[in-house]
Amino acid sequence: MNSVLAPERDPHALSRAGWTLAAVVALWPLLVLSGFNPALLVDPQNLKAMGTFLTTFLPPETAPEFLGLLLTATLETLAMATAGIALALLIAVPMTFVLTQSLSISRIGPGPGRWRGESIRGVARLILLVLRGIPEIVWALVFVRALGLGATAGVLALAITYGGMLGKVYAEILESSDTRGARALLEAGSSRSMALVYGLLPNAIQELVSYTVYRWECAVRASVVMGFVGAGGLGQLMDQSMKMLNGSESATILFMFLLLVLIADWISAVLRKLLQ
Amino acid sequence: MQERVVALRTAAGRGTGGSSSPAIELVEVGLTHPNGHRAITRISLRLDRGERVAIIGPSGAGKTSLLRLIATSLRPSEGRVSVLATNPWQLAPGALRRLRARVGLIHQSPPIPPRQRAITAVLAGRLGTWPWWRSALSLLYPADIGGARDVLAQLDLADRLFERCDRLSGGQLQRVGVARVLYQAPDIILADEPVSAMDPALADLTIQQLHRDAQARDVTLCASLHAVDLALRWFPRIVGVKAGEVAFDLPAERVNDALLRDLYASETAMPPTQDNRPLATPQISGTVGRPLCS
């Protein structure tokens, strides 16, 4: 009757090929611009220099005195990362709640208050952009200047940048999960918050938790970097060892990093399993 | 053809005869989706309180769009929709939410998170009326185990109360979706092919329970059904929808094979039935055994 025959060939093939080509063409100049030269890696002189540098790392330092210092610094780093993530959640969770489009009641129809909703979401997106757009190391430098050396500056810097990242990615995770449940609840008169906990979270909780644990792992690393600018923890210890050209101490500290990442991985796996 | 349809529509039974304000009224409603697809061309329809109506028609005819318009989940591009004597699109946000809590839509594929337990999925039916703290506490400990068990028991599913929904079969999950709307106890029950994943016996049970609930609370029931025999057997009024328009709107006993043949002309040789058994309802006896399309 009014049915039109589908074409014999895939009508989207050409545009797909075009986009792939465009991506490659766009990437090439970026690679050139970054000055990336793989030949430098296998240059014999460079290899020798790297070798000498690495041999100073062996054997790793195991003096009980240093291990004690390491333990304190590790705990400080863990505390800094955890407190940073906890504060970041205080920023991210309400922002996610505002930002997630599939929780918008006014989008159904669209109904009353749509433009108000869209503009609030726009402002929230902008706030998150500013929070995460400035690197945590810059925030840390600012806070170290304002509040003095110590972990407080690191925690605040983490809270701000990670709040911005978590808020954005949480909203995207929720958006890319199955949103029909939440929509159906909103259409039956449910509130935003209940549509979130009854309709969206059951679908997305695994992803959210594993991303949060991954971000905690990143926060551990970031807090190390911030230690270099005086925000305490493992980073500060690493900074001292490096400045004294003490390779063995640096090696022990690196082992501790690996251990922490391993632990984060394990926590993530356990939580994912529990939430299955 | 056109005149005949008009004549049939004016002859159609109108329930209680339009005494009070109708539960659902569509006036010259058209709907174009954002992608440009014209789902509803022009539909006027009136359902009174307590009426029970089946919508039939080929796939893509606009049955789902029609139900979603009534459920205030889609806004008409033209015309006017009135639900429970109010125009939903002129309401303030709070009033619209309260109206939505009074309309329940059973979806063809139940919009229930796979990891949710059946009891939580059913209790979610009352999120529109419960205060927020009750809804929140219900996640820690189910607020109304008895109520959820009652509605699931009506659908022969009480033993699955604490089962996770991803452990249920398609037909069981669909019944959980029905149970949620029964638990919601709305003033309008809308159902979009609510029994498509069930075997004939369970389909009959489910439709029967929907009727019982609608009758007991004197609320409107409007269901789109794929199986024509099921529609004719259970519903006193049948609305045939084709290409976004009402093809006929008649009491079930006046739906004949010619009308059905016209309705499904573009789709199949025979109107679809449960298990593809030949259509053999008393309403159109005499046609049995004769091919509907020659």
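The model shown is predicted, which means the values in this text are computed figures rather than measured ones.

Points about the overall build of chain A
The helix and strand inventory of chain A stands at 10 helices and 0 strands. Seen in sequence order, chain A has helices and strands lined up from the N terminus as α-α-α-α-α-α-α-α-α-α. For 276 residues, the compact-globule estimate of 2.2 N^0.38 gives 19 Å, and chain A exceeds it by more than 25% at 25 Å. With the C-alpha coordinates aligned to their principal axes, the bounding extent of chain A is approximately 80 × 45 × 40 Å. Among the 276 residues that make up chain A, the fraction classed as buried is 36%. For chain A, the share of sequence-separated contacts (at least 6 apart) that also reach a separation of at least 24 residues comes to 73%.

Re helix H3 (residues 93–101) of chain B
For H3 of chain B, the complete set of buried residues consists of Leu96, Leu99, Arg100 and Ala101 of chain B. Packing partners of the buried residues in H3 of chain B comprise helix H7 (180–187) of chain A together with strand S4 (78–83) and strand S5 (103–106) of chain B.

Remarks on the interface of chain A and chain B
Taken residue by residue, the interface counts 25 residues in chain A and 28 residues in chain B. Every element with two or more residues in the side of chain A that touches chain B is listed here: H7 and helix H8 (192–231) of chain A. Considering every element that reaches the side of chain A that touches chain B, the biggest residue donor is H8 of chain A, with 7 residues. Taken together, the residues of the side of chain A that touches chain B break down into 12 nonpolar, 11 polar and 2 charged.

Some details on unusual backbone geometry
Look at the link from Gly109 of chain A to Pro110 of chain A: it is a cis peptide, with omega at 0°. With respect to the helices and strands, Pro110 of chain A occurs in the loop between helix H3 (64–99) and helix H4 (114–133). Backbone geometry at Glu28 of chain B places phi at a positive 50°, although glycine is not the residue there. A residue is classified by how many C-beta atoms lie within 10 Å of it, and Glu28 of chain B, with 11 of them, is exposed. The backbone of Ala185 of chain B shows a phi angle near 50°, a positive value even though the residue is not glycine. Inspection of the secondary structure puts Ala185 of chain B in the loop between helix H7 (170–184) and strand S6 (188–192). The exposure class assigned to Ala185 of chain B is partly exposed, which follows from the 17 C-beta atoms found within 10 Å.

Topic: the confidence of the model for chain A
Taken over all residues, the pLDDT of chain A has a mean of 87, while the share at 70 or more is 99%. Across chain A, element-level confidence peaks in H7 of chain A with a mean pLDDT of 94 and bottoms out in helix H2 (residues 44–55) of chain A with 81.

A short note on the pairing of strand S8 (residues 237–242) of chain B
Residues and elements named next belong to chain B. Buried residues dominate S8, accounting for 6 of its 6 residues. The side-chain alternation of S8 yields two buried faces, one formed by Arg237, Val239 and Val241 and the other by Ile238, Gly240 and Lys242. Here strand S3 (residues 52–56) runs beside S8; their pairing, made up of 4 bridges, is parallel. Pairing of Ala54 across the sheet is with Ile238, part of S8. Looking at chain direction, S8 and strand S9 (residues 245–251) are connected through 6 bridges and run antiparallel.

Some remarks on the nonpolar core
The biggest cluster of nonpolar side chains holds 145 residues, and the ones touching the most others in it are Leu185 of chain A together with Ile70, Val122, Val176, Ala179, Leu190 and Ala231 of chain B. Top element by residues in this core is H8 of chain A. It accounts for 16 residues. Beyond its immediate stretch of four places on either side in the chain, Ala231 of chain B contacts Ala54, Ile56, Leu225 and Ile238 of chain B.

A look at helix H1 (residues 13–33) of chain A
Spanning 21 residues, H1 of chain A covers 31 Å between terminal C-alpha atoms, matching the ideal 30 Å at 1.5 Å per step. Two residues or fewer past H1 of chain A, Gly35 of chain A is found with a positive phi of approximately 70°.

Rules behind the numbers
- Residues numbered from 1 in each chain as written.
- Chains lettered and ligands numbered in written order.
- Predicted model: local features only at pLDDT ≥ 70, side-chain atom pairs only at ≥ 80, totals over all residues.
- Helix = DSSP H or I, 4+ residues; strand = E, 2+ residues; numbered from the N terminus.
- Rg over C-alpha atoms; globule rule 2.2 N^0.38 Å.
- Buried ≥ 20, exposed ≤ 12 C-beta atoms within 10 Å, placed from the backbone.
- Contact = placed C-beta atoms within 7 Å.
- Nonpolar A, V, L, I, M, F, W, Y, C, P; charged D, E, K, R; others polar.
- pLDDT = per-residue confidence, 0-100.
- Pairing = 2+ DSSP bridges.
- Core = buried A, V, L, I, M, F, W, Y, C linked by C-beta atoms within 7 Å.
- Expected span 1.5 Å × (residues − 1).

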